[in-house]
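# Summary of the model geometry
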Amino acid sequence: MELDSLLSCVAPEAPLQERLEWLVELFRWISSQKNAALFHAEHKTEQLQTTRIRYLLIQLNKDTEKKLKVASTLRSILFDTSALDLFCTTGLPAESGFVSEVMGRMMEKLLPRPPHEDDLGEVFVRIFSSREDIHWLERLEESLLSEIWALLNFGSTLEDKKVWTKLREELKDAILFLAGQVRAFGLAPKIRLRMSKMSLRQRPFFAITAVSSRLLKDIRFEKVDSQLESLEAFRHVLAQCRLELKVAYKHLDIYGVSVSIVYQLDRIESLIKRMETLLSILLGKRDDSQYMIRFICLLITELKDRESFRSFFDENLSLMSMKIAEQSAATGEHYIARTSSEYRTMFMKAAGGGVIAGAIAFVKTFLEEMTLAYFIQGIFKSVNYSVGFLGIYMGGYTLATRQPAMTANALAAKMHDLEDEVARSNLVDEVAHLIRSQGAAIFGNVMLVVPTSLIIFTILYYLQGSPLMSEEEAMRTLKSYSAFGLTPVHAAFTGFLLWASSVIAGWVSNWSVYHEIPQALSTHRRLKAVLGPTRLNKWIATYKRNLSGWVGYIALGFLLGMSPKILGFFGVPIDVRHVTISSGTISFASASLGWNFIYLSEFWWAFAGILLIGIMNVGVSFFMALIVALKARRVDASLRDEIYSEVFRRFKKHPSSFLFPQRDTKTTS
């Protein structure tokens, strides 16, 4: 709609719905790109919206009657709508819990908003539909804002001035409402137990409603001296509330994270921030439009953040991601070999893991040869993987592809103070150590899984007089592992599962700490009576030391065994390709074909597939873990790029440092 049409149909006496539609259309005209070149012809340095507002004011100054109608319509909208929800709910979390907030946001995206004509907050949402509105609002000049304010007051009568009185009262009501919410959430048992030990009446959250009421009362009766004292008390209580929130976050950092608790703490922080903003507007000069512009920009930002699932999950899950990353980082430190002796130890542990992986590959191949129901075969495979992986873990051996998700978190944990050149150099050293460690682990796994598989094959061949696979089945197996086809996709999917298992392990470990499971076990009367205090304490120490490893390997086993079956049920033709177990499977298939396998192109393409599987397994799991760990630690993107460049330069200068360990240096006294 053009401006002339908008100004001709403005009617302050029209029903509220028609006036609101007119206001929305006016803001659409201000933001519209139609005839943009025409409006920029005279004011090329200004934003389009600023130029349109100037043009609107010029047109109204030419026609006093229309100007009076526009001013009266704007004041009538403010008078006939309630600004309470705009002040205290717009842009803030609306639900009581994390899950209900997620569901609420989903419903808002899928379903249209119900009409609430008398709610100024709903009007605000319709008017400011884009985050880009912040840019032109912030650039409005003081002189232009003064003209807009003058328009709102143009031709106002004593009755019209009640609009501003009404808005001030709604501001006060909003502050009281927010204070009540802060008090209720801050004194909730789950929050209170994670804060400083003090009586209920001593807590700042208990006092916040009283100090808010006293301050607003002093503002109402314009008691200047008392108002300054009340304002100081109000700010002191808010500062104490923030200190208590820090105590709660520190408690979570030590004793485990709960997403629902993090959501509630963030919600309290948002409510406190909104209270401070509203109080600034209330105490500011009535004609100081900069306060309102900043508040509107803040509302738009919070509103768009509330509509964004990415922003919501980043804000509420970052602490959980941090705890999971820390749990993995502690484990990952054991998988990084920095010296030649540690490199040899890593290789030997990986060799032991390769022997057990050969047995896992045999059972897997045996199960695939059996005629079993699809789901039952998945269960048996999962148990086979889980038992075998636990055997590797409990024996002190290493499964190569399990490492990257752990070592990535250990690497991210060292990304601090990277502005220092020495710190960056040390980090690049860690990257080189990590890559060498991965190479040693994969090499050790594969070097032993192949001969182990061949030994098992030979024993079975002499026992039953026939190879493990038929010739057709062996050829089909080799083709399924070819570097061509879906092998890279299957291998990347397996890398994702490797990373997912580390996330599950970190989450369960955090859950155990958060719910104080070791403490609960240590005070369990029946366990004490059966095991005795000494043995029980040893069991609990073993539980705490190994929980993450147990859960991670069991989760990995069931992810590898059941994921293809579940996805296959939904028609997704995907399989898993684990480099160590795949090497064992290819060894069984090749041996079943006899010595002629060496001349088959299918074997060599499968061999190339193994190399590709190893790269995809390690690469995907490593980078998934690294990305999550870096985001959780809020490492700046530009700093990450600089680190990548440093690693590349080191590789060009000393490529051997990424492949072979340095000799151990011995000091002499």
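About the thresholds
- Residues numbered from 1 in each chain as written.
- Predicted model: local features only at pLDDT ≥ 70, side-chain atom pairs only at ≥ 80, totals over all residues.
- Heavy atoms only, no water.
- pLDDT = per-residue confidence, 0-100.
- Helix = DSSP H or I, 4+ residues; strand = E, 2+ residues; numbered from the N terminus.
- Core = buried A, V, L, I, M, F, W, Y, C linked by side-chain atoms within 4.5 Å.
- Buried < 20%, exposed > 50% of the residue type's maximum accessible area, 1.4 Å probe, protein only.
- Contact = heavy atoms within 4.5 Å.
- Polar contact = N/O pair within 3.5 Å; in protein donor to acceptor, adjacent residues only side chain to side chain.
- Salt bridge = Lys/Arg side-chain N within 4 Å of Asp/Glu carboxyl O.
- Axes fitted to C-alpha atoms, helices over the stretch in contact; angles between N-to-C directions.
- Parallel < 35°, antiparallel > 145°, perpendicular 65-115°, else oblique.
- Left-handed = near helix turned anticlockwise from the far one by under 90°.
- Nonpolar A, V, L, I, M, F, W, Y, C, P; charged D, E, K, R; others polar.
- Expected span 1.5 Å × (residues − 1).

## Considering the confidence of the model for the protein chain
Close inspection of predicted coordinates is inappropriate for parts of the model with low pLDDT. Confidence along the protein chain averages 82 in pLDDT terms, with 81% of residues attaining 70 or more. When the elements of the protein chain are averaged for pLDDT, helix α3 (residues 36-40) gives the smallest value, 55, and helix α19 (residues 374-394) the largest, 94.

## A look at the nonpolar core
Counting 88 residues, the largest nonpolar core has Phe 128 and Leu 137 as the members making the most contacts within it. Excluding residues within four positions of it along the chain, Leu 137 makes contact with Phe 128, Ile 293, Ile 296, Cys 297 and Ile 300. Ile 360, Leu 399, Leu 556 and Leu 560 belong to the second largest nonpolar core, which has 40 residues in total.

## Describing the environment of Ser 621
Topologically, Ser 621 is positioned in helix α28 (residues 601-632). The class for Ser 621 is buried, based on a relative accessible area of 0%. Along the sequence, Ser 621 and Ala 492 sit 129 residues apart, while their C-alpha atoms lie 8.3 Å from each other. From its side chain, Ser 621 meets the backbone oxygen of Val 618 in a polar contact 3.2 Å long.

## So, the pattern of salt bridges
Enumeration over the complete set of coordinates arrives at 12 salt bridges. The shortest N-O distance in the salt bridge between Glu 25 and Arg 28 comes to 3.0 Å. In this pair, Glu 25 and Arg 28 both sit in helix α2 (residues 16-31), 3 residues apart, roughly one turn of the helix. Two residues, Lys 381 and Glu 368, come together in a salt bridge whose shortest N-O distance is 2.9 Å. On the criterion of sequence distance, the pair formed by Lys 381 in helix α19 and Glu 368 in helix α18 (residues 340-369) is long-range, its members being 13 residues apart.

## Description of the packing of α19 against helix α26 (residues 533-569)
Close contact between α19 and α26 brings their axes to 8 Å; oriented N to C, the two are set at 155 degrees. It follows from the interaxial angle that α19 and α26 lie roughly antiparallel. Viewed along their axes, α19 and α26 form a crossing whose handedness is right-handed. Grouping the amino acids of the contact of α19 with α26 by side-chain chemistry returns 17 nonpolar, 9 polar and 3 charged.

## Some points on helix α4 (residues 48-62)
With 15 residues, α4 ought to run about 21 Å at 1.5 Å a step, and its terminal C-alpha atoms sit 21 Å apart, in line with that. Where α4 is concerned, the buried positions are Leu 48, Gln 49, Thr 50, Thr 51, Arg 52, Ile 53, Arg 54, Leu 56, Leu 57 and Leu 60.

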